[in-house]
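Residues per chain are reported as follows:
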Amino acid sequence: MSYVSSFALPSCTVSDSLSLLPLLPLNSSSFRKCLYKSNMRIPKSTVSLCLSLFPLELYNLSFYSRIRLASGIFKSSDLSSRRKDIFRTGAKRLHTSYPMEQIHGTVEGDNSSHVMEMDVGQKPCIWSSPEGGNKIDIRKQIFCNRSLNMKGIQAVGFDMDYTLAQYKPETFESLAYAGTIKKLVHNLGYPSELLSWTFDWEYMVRGLVLDKKRGNILKMDRHKYVKVAYHGFKELSKEEKVNTYGSTLIRDAFDEPDYALIDTLFSLAEAYLFAQLVDFKDNNPGKIPDGTDYARMYKDVRAAVDLCHRDGTLKQVVAEDPKKYINEDRKIVPMLKMLRDSGRYTFLVTNSLWDYTNIVMNFLCDSRTLHGRKKCNFDWLQYFNVVITGSAKPGFFHEESRANMFEVEPNSGMLLNTDNGSPMAQVGDRSPSLSLTGQNKTCKVFQGGNVGHLHKLLRIESSSQVLYVGDHIYGDILRSKKVLGWRTMLVVPELEGEVKLLWDLRDSRKQLRLLRNERDYIEDKVHRLQWSLKFDNINAEEKRKISANLETLEAAREDARLTHQQAQRDCHHKFHKVWGQLMKTGYQNSRFAHQVERFACLYTSQVSNLSLHSPDKYYRPSEDFMPHEFDIIPM
C-alpha cells in the first residue's frame, strides 16, 4: 500500500511532524507495541509530513529516486493602496510516493536518531534574505493557538523589556535581588544578616502562585488544583496540600489580594526572596520586626522592588554596561526592516521612560552604548512609526484612561504638550510640531496616553488589525486581547529548553503512558475480584483462590503505582529540579499553559523568530482533540 505525501519545507507545523514520530517498520515488534499500547496513530489516508525534520538518511535509495523538486518565484499582487509590492520566494516542494514499510525509523529506546537536529551553531537566516525560507529549528518556531492571517495585520507592536530586550537572569535578576535586599535592610528595618544571602536564579519559574497569608509557593494545573506546594523551601506532603487547599466547600480562586501571580520573569527574584524570608521567620521568630506576618513580608518585598525601580538603582547599572545584562540579538533589526518593507506599521509601547528606552534600543539595534566606541544616537527610531514610553500598562489598554499624552523631545527628553497625540503649538513657539531630521522624521516619541491615542496615530480602523508582542501574560497579553481584541504573541524564552527536552525524553514519555495503562489494567482486575468476593455466589474453595489472586494483584498494583510515580517524578525533575515542566503539571496543562492557550494567539521563544517566517504567513493551529477522539481519529 502506497502513500502520496506533499512536503512543504517552510510551512510545517510541530504537531503534524511529531504526531507521526517515531517512524517504525510495519512488521516490527516496536511498531506493534506503539500501536496497541500507546497513543501513536497510523495514517489511513494521504498524509503531509515536514521533510525538514526527516533527513534523507532515514530513507532507502528507492525513496531518493522518487523525489521531484519544483520551485518558483512569484510577485505578490498589491494587497492594498498602503502595501508595497514585494517579492517572495515560493516554497520549495518535494513530492514523493513510497510504501510505508520502506521507511526506516527510530525504534523505542533508540536515542541515536538524527531526525530533528538542532543545529545549535548554525548562523541565523532571515526569511526575506536570498538564503531564507529554509527549515526552522523547532526551538525557533512560532506556535499557534488561534488562526492568524498576517495579511490582515496592519500594525505590529512590541514591548521592550523581556520582549525585544531579553535580560540575562544570571546577571540582571541577581542585580535586582541584591538591590531589593539592600532596600529591605536599609529602608525597611530588616536584619543586616540578609545582606549575606545569595540568589539561585534557576530556582523559581513562571506560572507559580504565592500564598501570601500562609507563606506557600504553589504550582497548579489548568483546573486550579494545587499539584506542587512548598512552604518556603520545604515541600508540603500530599496530606498537607489536601488539608490546606482541597478540603473546603468553596473552591479558592487563587487571585489577589491573598495570592500573588508570578507571571513575568521580573518577579522571579522577589519570589525567591519571599521563600527565603518565610524560612528565616520560621527559624528566627525574634529577628523579624514585630507584627510582621508572611503577607506583610511579601508587601515589604514588593515595596523594596518598587524602590529599586523608582530611584533608578537597576536601570542606571544596566545603562552603564548593557552587554553584561542584555542578550544581543542580531535578527531584531532585519525583522523590523522586513515588517516595514512589507507595508506594515511598527510601534513600541513600553513602561520604561525615554532615557532608558533610548539606551536599550541603541544597544539592541546597533550595539551602541553610553561610553563605548559607538555612541548612542536616534538612528533606531527609523524602524518604528510610533514609540510610546512611560505607558503605564496595563492601564494604557483602557480607552477610558484619561492619562495625558506628551511628545518627547529626544535630545533633551523634554515633554511637549499634545492634543490627544496631535501636534500642538507650545507657548512662545509658533511651530506646531517637532521635526526630526533624516530617516527618523516619520517616527514620533511620546510618553503616557492610552490605546485610543495609539489607534489614532496609526489610523487603525479595527483592533483585529493589530498584532502585539509581549512577555507578560497580564500586563501585555491578557489586557490587549481581552479588552481590545488585538491579536497577540507571547514571548516565552523558557520554551527553547522545554522543546529540546521534550524531544530528548520522547521515549521516556511513551514508557510513562505504558506504565499508566498497566496501572489501570491491574486496578480493573483488582476491582473485579473484590466485587466477586462481595456479591458473587461462590463456594469456599473459589473464595480462597480469588483471595489469593487478589492478594497477588494488590501487591502488583502497589508495585506498579510506585514504579509509575518514581518514573514520573524522574521525568518531572529533568525539566526542573523543583517545579518540573513549565507547561505541564502531571498529565494536565499547567495554569501558565492554560493562560497561554487562552490569551496568546501565537507564542514563541524569542521575538526575532518573526524574522524566520513570511510577513504574510497564515498561522494555523493544530487540531484540538477531546479524550474520546484521541485514540479513534487517525492523524
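Keep in mind that this is a model prediction, so the values were computed, not measured.

**Digging into the overall build of the protein**
Piece 1. A tally of regular secondary structure across the protein gives 18 helices and 24 strands.
Piece 2. Counting every position in the protein, which comprises 635 residues, the buried fraction comes to 49%.
Piece 3. Accessible surface computed for the protein: about 31600 Å², of which carbon and sulfur atoms make up 51%.

**Some thoughts on the side chain of asparagine 362**
Piece 1. Here asparagine 362 lies in helix 11 (residues 354-366).
Piece 2. Note on asparagine 362: relative accessible area 2%, which makes it buried.
Piece 3. Not counting chain neighbours up to four residues away, the residues in contact with asparagine 362 comprise Ser367, Arg368, Cys376, Asn377 and Trp380.

**Things to note about the pattern of salt bridges**
Piece 1. Applying the stated criterion across every chain, the model contains 25 salt bridges.
Piece 2. The closest approach of N and O atoms between lysine 577 and aspartate 200, which form a salt bridge, is 3.1 Å. Here lysine 577 is found in the loop between helix 16 (540-575) and strand 21 (584-585), whereas its partner aspartate 200 is found in the loop between helix 4 (169-186) and strand 9 (208-211), with 377 residues between them in sequence.
Piece 3. Across the pair aspartate 366 and arginine 368 runs a salt bridge, and its minimum N-O distance is 2.8 Å.
Piece 4. Ionic contacts of the salt-bridge type, sharing partners, join the residues Glu270, Arg302 and Asp306 into one network.

**Focus on the packing of aromatic side chains**
Piece 1. The full count for this structure, using the stated rule, is 29 aromatic pairs.
Piece 2. Ring geometry for tryptophan 197 versus phenylalanine 280: centroids 5.5 Å apart, planes at 70°, classification edge-to-face. With a gap of 83 residues between them, tryptophan 197 in the loop between helix 4 and strand 9 and phenylalanine 280 in helix 6 (residues 268-283) connect regions that are remote in the sequence. Of the two residues examined, tryptophan 197 and phenylalanine 280, each falls in the buried class.
Piece 3. What links up through ring pairs into an aromatic cluster is the set Tyr177, Phe199, Tyr203, Tyr230, Phe233, Tyr272 and Trp579.
Piece 4. When the ring centre of tryptophan 503 is taken as reference, the NZ or CZ atom of arginine 506 above it lies at 4.1 Å.

**Re the nonpolar core**
Piece 1. One finds Phe158, Leu164, Met204, Trp380, Phe384 and Trp579 to be the most contacted residues of the largest nonpolar core, which totals 88 residues.
Piece 2. Top contributing element to this core by residue count: helix 6, with ten residues.
Piece 3. The contacts of phenylalanine 158, once residues within four sequence positions are left out, are Leu164, Met335, Leu336, Leu339, Phe347, Leu348, Val349, Phe384, Tyr468, Val469, Val607 and Leu610.
Piece 4. Core analysis: the second largest hydrophobic core is formed by 18 residues, Tyr345, Val349, Leu458 and Val466 among them.

**Section: helix 12 (residues 451-458)**
Piece 1. Among the eight residues of helix 12, six are classified as buried, and the element is accordingly described as predominantly covered.
Piece 2. Among the residues of helix 12, Val451, Gly452, His453, Leu454, His455 and Leu458 are the ones counted as buried.
Piece 3. Backbone geometry just after helix 12 places arginine 459 at a positive phi near 55°.

**Quick notes on the environment of leucine 194**
Piece 1. Assignment of secondary structure puts leucine 194 in the loop between helix 4 and strand 9.
Piece 2. Between the C-alpha atom of leucine 194 and that of isoleucine 181, which follows or precedes it by 13 residues, the distance is 6.7 Å.
Piece 3. Apart from residues no more than four positions distant in its own chain, leucine 194 is found in contact with Ile181, Leu184, Val185, Leu277 and Phe280.

**A word on the packing of helix 15 (residues 506-535) against helix 16**
Piece 1. Contact geometry of helix 15 with helix 16 gives a least axis separation of 8 Å together with a crossing angle of 155°. Between helix 15 and helix 16, the angle is such that the two are roughly antiparallel. Between helix 15 and helix 16 lies a crossing whose hand is left-handed.
Piece 2. For the contact of helix 15 with helix 16, the residue count by class is 14 nonpolar, nine polar and nine charged.

**As for the sheet that holds strand 14 (residues 345-349)**
Piece 1. If you walk across this open sheet you meet the ten strands as 6-23-20-19-8-14-15-18-16-17, and the pairing is mixed. At either margin of the open sheet sits one strand with a lone partner, and together these are strand 6 (143-144) and strand 17 (415-417).
Piece 2. Pairing of strand 16 (residues 405-408) with strand 18 (residues 444-448), which is carried by three bridges, proceeds in the antiparallel orientation. Of the residues in strand 18, the one forming a bridge with methionine 405 is glycine 448.
Piece 3. Each of strand 8 (155-158) and strand 14 is contacted by helix 10 (residues 332-341), which is oriented at about 155° to strand 8, the strand it contacts most.

**Details of the packing of helix 4 against helix 7 (residues 294-310)**
Piece 1. It is at 8 Å that the axes of helix 4 and helix 7 come closest, and there the two elements cross at 115°. It follows that helix 4 is roughly perpendicular to helix 7 by the angle criterion. Two packed elements cross with a definite hand, and for helix 4 against helix 7 that hand is right-handed. Across the interface between the two elements, Gly179, Thr180, Lys183 and Leu184 from helix 4 touch Asp300, Val301, Ala304, Val305, Leu307 and Cys308 from helix 7.

**Digging into the confidence of the model for the protein**
Piece 1. Of the residues in the protein, 74% have a pLDDT of 70 or more, and the chain-wide mean is 78.
Piece 2. Across residues 1-122, where pLDDT falls below 50, the model places 213 contacts with residues more than four positions away in sequence or in other chains.

**Here we look at unusual backbone geometry**
Piece 1. A cis amide bond links glutamate 256 with the next residue in sequence, proline 257, at an omega value of 10°.
Piece 2. Secondary-structure assignment places proline 257 in the loop between helix 5 (238-245) and strand 13 (259-262).
Piece 3. Put simply, lysine 393 and proline 394 share a cis peptide bond, and its omega is 5°.
Piece 4. Of note in this structure, lysine 224 is not a glycine but carries a positive phi near 65°.
Piece 5. Along the chain, lysine 224 turns up in the loop between strand 10 (216-220) and strand 11 (226-231).
Piece 6. The exposure class of lysine 224 is partly exposed, given its relative accessible area of 31%.
Piece 7. For phenylalanine 254, which is not a glycine, the phi torsion comes out positive at approximately 55°.
Piece 8. Note on placement: phenylalanine 254 falls in the loop between helix 5 and strand 13.

What counts, and at which threshold
- Residues numbered from 1 in each chain as written.
- Predicted model: local features only at pLDDT ≥ 70, side-chain atom pairs only at ≥ 80, totals over all residues.
- Heavy atoms only, no water.
- Helix = DSSP H or I, 4+ residues; strand = E, 2+ residues; numbered from the N terminus.
- Buried < 20%, exposed > 50% of the residue type's maximum accessible area, 1.4 Å probe, protein only.
- Areas by Shrake-Rupley, 256 points an atom, 1.4 Å probe, with all protein chains shown as cover.
- Contact = heavy atoms within 4.5 Å.
- Salt bridge = Lys/Arg side-chain N within 4 Å of Asp/Glu carboxyl O.
- Phe/Tyr/Trp six-rings, centres within 6.5 Å; stacked < 30°, edge-to-face > 60°.
- Lys NZ or Arg CZ within 6 Å of the ring centre and 35° of its normal.
- Core = buried A, V, L, I, M, F, W, Y, C linked by side-chain atoms within 4.5 Å.
- Axes fitted to C-alpha atoms, helices over the stretch in contact; angles between N-to-C directions.
- Parallel < 35°, antiparallel > 145°, perpendicular 65-115°, else oblique.
- Left-handed = near helix turned anticlockwise from the far one by under 90°.
- Nonpolar A, V, L, I, M, F, W, Y, C, P; charged D, E, K, R; others polar.
- Pairing = 2+ DSSP bridges.
- pLDDT = per-residue confidence, 0-100.

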